[in-house]
Amino acid sequence: MPDFNETSNNVRLFNTIIISLATAIVLFLASCSSTPAQMAAAPPPPSLPVLTVNETSQQTFVDYPASIQGVSDLEIRPQIAGTIDRVLVNEGQKVNKGQLLFQISQLPFRAQLNNAKAALSAAKAAVLNAQLEIDKLTPLVQAKVVSAFQLQTAKTTHQIALANVEQAKAAVNSAQINLNYTQIKAPISGNIGRLPKKQGSLVGPTDAEALTQLSDVHEVHVYFSLAETDFINFNTTYPGNSVADRIKHLPAVSLVLADQTIYPVQGKIDMIDGQFDKTTGAITLRASFANSKGLLRSGNTGKVRLGLTHNNAILVPQSATVEMQDKVFVFSVGKDNKVSKVAISIEGKSGTNYLIKDGLKAGQQIVLSGLDRIQDGQLIQPDKKNDKIAQLISQK
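A quick note: this is a predicted structure, and the numbers were derived from the prediction, not measured.

(A) Representation of the nonpolar core within the structure. Counting residues in each nonpolar core, the largest one holds 28 residues, and the members touching the most others are Val95, Leu101, Phe102, Ile192 and Leu214. Every element with two or more residues in this core is listed here: strand S5 (100-104), helix H2 (107-142) and helix H3 (148-180). Dropping the residues within four chain positions of it, Phe102 is found in contact with Ile76, Arg86, Val87, Thr182, Gln183, Ile184, Leu195, Leu211 and Thr212. Formed by 25 residues, the second largest nonpolar core is a distinct cluster that contains Tyr238, Val253, Tyr263 and Ala287.

And the structure:
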């Protein structure tokens, strides 16, 4: 006959098992019934505007600091020492080539010229006297009245007299040149600078300060420099087998003035320096601009603006990018509407857009805004109705 205690223990164990199974079934059913509710409570993917990037032709500009000089910038200096009798121009005046600018006192130089002319006359008289001596001695030598040595001496004296004539002529020419130097004329047409020397001033060729500056600015030369890397890109961008050939194919350039306005006339690059500056590591280029209205003067500063055409360029608004650790990223939208963070390489800027060198291809979609609300790999709902608007924004 079974023990009563043993039977009671078995009943309690059975009841415990039944209760545990019931609890597990209840928990399982509860979890199954709560899953649809939880799924229904999950938020939908965010709806964000997207942009389909396409290739286009775009022109960008790079500005380089520049200095402006006239075609000719000359210092006007005296060739002889003397006192200024007259100043015949005003500061800033427009003068023509050959116009008289300064008159230096002529009195000492006229005296030198007169002395030189007198010396020339004396030298010519000495030639005549030597010739007379030769004419006198020639028949006497033939008659053997005097020796041939005396005739030879007379001929030598005649040659010396002729040489003295030539020397006297040179002295006359030199005196005439110095007299001409008393009239200081404009070697070119241009504008007069400041006039530090006034009437009565003693001037000379060795003076530290020039009489004035004369600048021809009917055309101006604008000098700017390219760094070595920029010059390499410059050579690869523009066609040509030589420097001269490349210059012929260069496009016109613009000049940005100090007040940030654009000079109304475009210029042409017409010179590339033969070597780099060892100090700055840059090479100098020159662009020439017509200046018929005289708006530009020597000493002006500005910026030369070079235009560069990019064919098959991809534009991305700067607002659609994220910068992290010196890199720029965009969120690309895949076929499954999941976004992925893509690093892009920037070639340049055009307005508020980046020109993409690498990282994106035509036809790809990127998130245009709301970048702070998404993460890499997140599912979104592309708002394609804004795609045309986005394209218009990117083309501005």
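(B) Spotlight on the pattern of salt bridges. Applying the stated rule across the entire model yields five salt bridges. In this structure, Arg305 and Asp63 form a salt bridge, with 2.8 Å as the shortest nitrogen-oxygen distance. One end of the pair, Arg305, is in strand S13 (residues 301-317); the other, Asp63, is in strand S2 (residues 55-76), and 242 residues separate them in sequence.

(C) Molecular detail of the sheet that holds strand S8 (residues 202-203). Sheet architecture is open: four strands sit in the order S6-S5-S3-S8, paired in antiparallel fashion. Single-partner strands in this sheet number two, and they are strand S6 (183-185) and S8. With three bridges connecting them, S5 and S6 associate as antiparallel partners. The residue of S6 that forms the bridge with Phe102 is Ile184.

(D) Geometry of unusual backbone geometry. Positive phi values are uncommon outside glycine, yet Asp326 reaches one of about 65°. Within the secondary structure, Asp326 is located in the loop between strand S14 (322-324) and strand S15 (327-333). Residue class for Asp326 comes out exposed when judged on its relative accessible area of 81%.

(E) Quick peek at the pairing of S13. Pairing analysis gives twelve bridges linking S2 to S13, with the strands arranged antiparallel. What sits directly across from Thr56, in S13, is Ala313. Pairing geometry for strand S10 (residues 254-257) and S13, over four bridges, is antiparallel. If you follow Val256 over to S13, its bridge partner there is Lys303. As judged from the four bridges shared by S13 and strand S17 (residues 353-358), these two strands associate in the antiparallel manner. Across the sheet, the residue bridging to Leu315 is Leu355, located in S17.

(F) The arrangement of the environment of Gln69 in detail. Position of Gln69 among the secondary structure elements: in strand S2. Considering only alpha carbons, one finds Gln69 and Arg297, 228 residues apart in sequence, at a separation of 7.0 Å. Residues contacting Gln69, with those up to four places away along its chain left out, are Val220, His221, Tyr223 and Ser298.

(G) Main features of the packing of H2 against H3. Direction vectors running N to C along H2 and H3 enclose 165°, while the axes themselves pass 8 Å from each other. The angle between the axes of H2 and H3 places the two elements in the roughly antiparallel class. In this structure, H2 crosses over H3, and the sense of that crossing is left-handed. Looking at the contact of H2 with H3, its residues break down into 23 nonpolar, nine polar and six charged.

(H) Focus on the environment of Ser57. Mapped onto the elements of the fold, Ser57 is located in strand S2. If we ignore the near neighbours within four places in the chain, the residues touching Ser57 are His310 and Asn311.

(I) Inspection of the packing of aromatic side chains at higher detail. Tallying each qualifying case throughout the model produces four aromatic pairs. Between the aromatic rings of Phe231 and Phe276, the centroid separation amounts to 5.7 Å while the plane-to-plane angle is 85°, which identifies the pairing as edge-to-face. Placement of Phe231 in helix H4 (residues 228-237) and of Phe276 in the loop between strand S11 (268-272) and strand S12 (282-290) is noted, with a sequence separation of 45 residues between them. Residue classification places Phe231 among the buried residues on the basis of a relative accessible area of 13%. Given a relative accessible area of 31%, Phe276 falls into the partly exposed group. Centroid distance Tyr263 to Phe289: 6.2 Å. Interplanar angle 75°. Geometry classified as edge-to-face.

(J) View of the pairing of S5. Most of S5 is tucked away, with four of its five residues classed as buried. Pairing analysis gives three bridges linking strand S3 (residues 82-87) to S5, with the strands arranged antiparallel. Pairing of Ile84 across the sheet is with Ile104, part of S5.

Criteria and cut-off values
- Residues numbered from 1 in each chain as written.
- Predicted model: local features only at pLDDT ≥ 70, side-chain atom pairs only at ≥ 80, totals over all residues.
- Heavy atoms only, no water.
- Core = buried A, V, L, I, M, F, W, Y, C linked by side-chain atoms within 4.5 Å.
- Buried < 20%, exposed > 50% of the residue type's maximum accessible area, 1.4 Å probe, protein only.
- Helix = DSSP H or I, 4+ residues; strand = E, 2+ residues; numbered from the N terminus.
- Contact = heavy atoms within 4.5 Å.
- Salt bridge = Lys/Arg side-chain N within 4 Å of Asp/Glu carboxyl O.
- Pairing = 2+ DSSP bridges.
- Axes fitted to C-alpha atoms, helices over the stretch in contact; angles between N-to-C directions.
- Parallel < 35°, antiparallel > 145°, perpendicular 65-115°, else oblique.
- Left-handed = near helix turned anticlockwise from the far one by under 90°.
- Nonpolar A, V, L, I, M, F, W, Y, C, P; charged D, E, K, R; others polar.
- Phe/Tyr/Trp six-rings, centres within 6.5 Å; stacked < 30°, edge-to-face > 60°.

Any link to function would need more than the numbers given here.
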